[in-house]
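# Understanding the architecture of this molecule
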Amino acid sequence: MIPIGGYNVIIENILKDVELGLGVDCFDYREELEASANKVAFTGMIDQYFDYKHGVLEYRSLRFKHEVLDEENHQGNAVVSYTDREIPYTRIIEHKKFEYVLQPKTVITREYPADWKRGDEPYYPI
Ligand SMILES: Cc1cc2nc3c(=O)[nH]c(=O)nc-3n(C[C@H](O)[C@H](O)[C@H](O)COP(=O)(O)OP(=O)(O)OC[C@H]3O[C@@H](n4cnc5c(N)ncnc54)[C@H](O)[C@@H]3O)c2cc1C
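Okay, so let's go over this structure. Note that the coordinates shown come from a computational prediction; the quantities given were computed from them, not determined experimentally. (Residues numbered from 1 in each chain as written. Predicted model: local features only at pLDDT ≥ 70, side-chain atom pairs only at ≥ 80, totals over all residues. Heavy atoms only, no water.)

## Regarding the pairing of strand 4 (residues 106-115)
By the bridge criterion, ten bridges tie strand 1 (residues 59-69) to strand 4 in an arrangement that is antiparallel. Residue pairing in the sheet places valine 68 in a bridge with valine 107 of strand 4. Pairing analysis gives four bridges linking strand 3 (residues 91-94) to strand 4, with the strands arranged antiparallel. In the sheet register, isoleucine 93 faces strand 4, and the bridge partner there is threonine 109. (Pairing = 2+ DSSP bridges. Helix = DSSP H or I, 4+ residues; strand = E, 2+ residues; numbered from the N terminus.)

## Quick word on the site of the ligand
What surrounds the ligand is a group of 13 residues, the closest being Val24, Asp25, Cys26, Thr43 and Arg91. In the model, a nitrogen atom of the ligand is placed 2.9 Å from a nitrogen or oxygen of the aspartate 25 side chain. Within the contact set of the ligand, a nitrogen atom lies 2.9 Å away from a backbone nitrogen or oxygen of cysteine 26. (Near = heavy atom within 4 Å. Polar contact = N/O pair within 3.5 Å; in protein donor to acceptor, adjacent residues only side chain to side chain.)

## A short note on the nonpolar core
Membership of the largest hydrophobic core is limited to five residues, which are Leu69, Tyr89, Ile92, Ile108 and Tyr112. Once residues within four sequence positions are removed from consideration, isoleucine 92 is found in contact with His74, Gln75, Ala78, Val79, Val80, Tyr82, Ile108, Thr109 and Arg110. (Core = buried A, V, L, I, M, F, W, Y, C linked by side-chain atoms within 4.5 Å. Buried < 20%, exposed > 50% of the residue type's maximum accessible area, 1.4 Å probe, protein only. Contact = heavy atoms within 4.5 Å.)

## Some points on the sheet that holds strand 3
With antiparallel pairing, five strands are arranged side by side in an open sheet as 2-3-4-1-5. Each of the sheet's edge strands pairs with one partner strand only, and the pair in question is strand 2 (79-81) and strand 5 (124-125). Pairing geometry for strand 2 and strand 3, over three bridges, is antiparallel. Within strand 3, the residue paired with valine 79 across the bridge is isoleucine 93.

## Observations concerning the side chain of glutamate 111
Looking at where glutamate 111 falls in the secondary structure, it is placed in strand 4. With sequence-adjacent residues up to four places away left out, glutamate 111 is seen in contact with Leu62, Arg63, Phe64, Tyr89, Thr90, Arg91 and Ile93.

## Here's the deal with the packing of aromatic side chains
The tally for this structure, following the rule as stated, stands at seven aromatic pairs. Judged by centre distance (5.6 Å) and plane angle (65°), the ring pair of phenylalanine 27 and phenylalanine 42 falls under edge-to-face. Of the two residues, phenylalanine 27 sits in the loop between helix 1 (7-14) and helix 2 (30-35) while phenylalanine 42 sits in the loop between helix 2 and helix 3 (46-49), which places them 15 residues apart along the sequence. Phenylalanine 27 sits in the partly exposed class, given a relative accessible area of 23%. Centroid distance tyrosine 89 to tyrosine 112: 5.8 Å. Interplanar angle 85°. Geometry classified as edge-to-face. (Phe/Tyr/Trp six-rings, centres within 6.5 Å; stacked < 30°, edge-to-face > 60°.)

## Regarding the pattern of salt bridges
Summed over the entire model, instances satisfying the criterion amount to eight salt bridges. The shortest N-O distance in the salt bridge between glutamate 34 and arginine 30 comes to 3.4 Å. Pair noted here: glutamate 34 and arginine 30 are both in helix 2, with a separation of four residues, about one helical turn. On the accessibility criterion, glutamate 34 (36% relative accessible area) is partly exposed. The class for arginine 30 is partly exposed, based on a relative accessible area of 24%. Measuring nitrogen to oxygen at the nearest pair gives 4.0 Å for the salt bridge that ties aspartate 70 to lysine 105. Pair noted here: aspartate 70 is in the loop between strand 1 and strand 2 and lysine 105 is in the loop between helix 4 (96-99) and strand 4, with a separation of 35 residues, a long-range link. On the basis of relative accessible area, aspartate 70 is assigned to the exposed category, the value being 68%. (Salt bridge = Lys/Arg side-chain N within 4 Å of Asp/Glu carboxyl O.)

What follows is the structure, encoded as structure tokens:
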């Protein structure tokens, strides 16, 4: 679930007074970054962090299909999961249901599982 106001409020507070570098691949500055602090928290791919010395881990990726629907309510809930073999997507997200906005239309996103290859977003480690 999503906290009231969304995650932005939490993240803005966490990052208050913190120096940020965006759009930067930390591996381009690895030595410099590791020398700059006593402890480093790394949030990327753990196999990449160890230079793939034990090979590449398996990940699962996702493909998103967004739609604007001409209906006030689509599924009555923010997230509905689909586990049937016949249905190609695994979830439908109805975004307005996170914050209960009142609008005549609704935006949904279907999530389709996708095989992962290097360069894709590694959403889920297997
Ligand atoms: C589609 C989807 C929906 C989800 N919905 C929910 C939900 O509703 N509620 C919930 O609680 N959880 C949800 N989750 C799970 C949640 O998003 C994850 O568990 C959480 O984000 C993991 O946090 P993290 O910090 O470990 O990794 P991430 O959030 O993936 O953060 C890793 C960060 O590291 C950055 N990074 C990686 N490599 C590098 C690099 N080389 N250099 C610089 N930066 C790098 C990435 O860009 C990214 O910003 C969802 C996940 C997915 C995929």
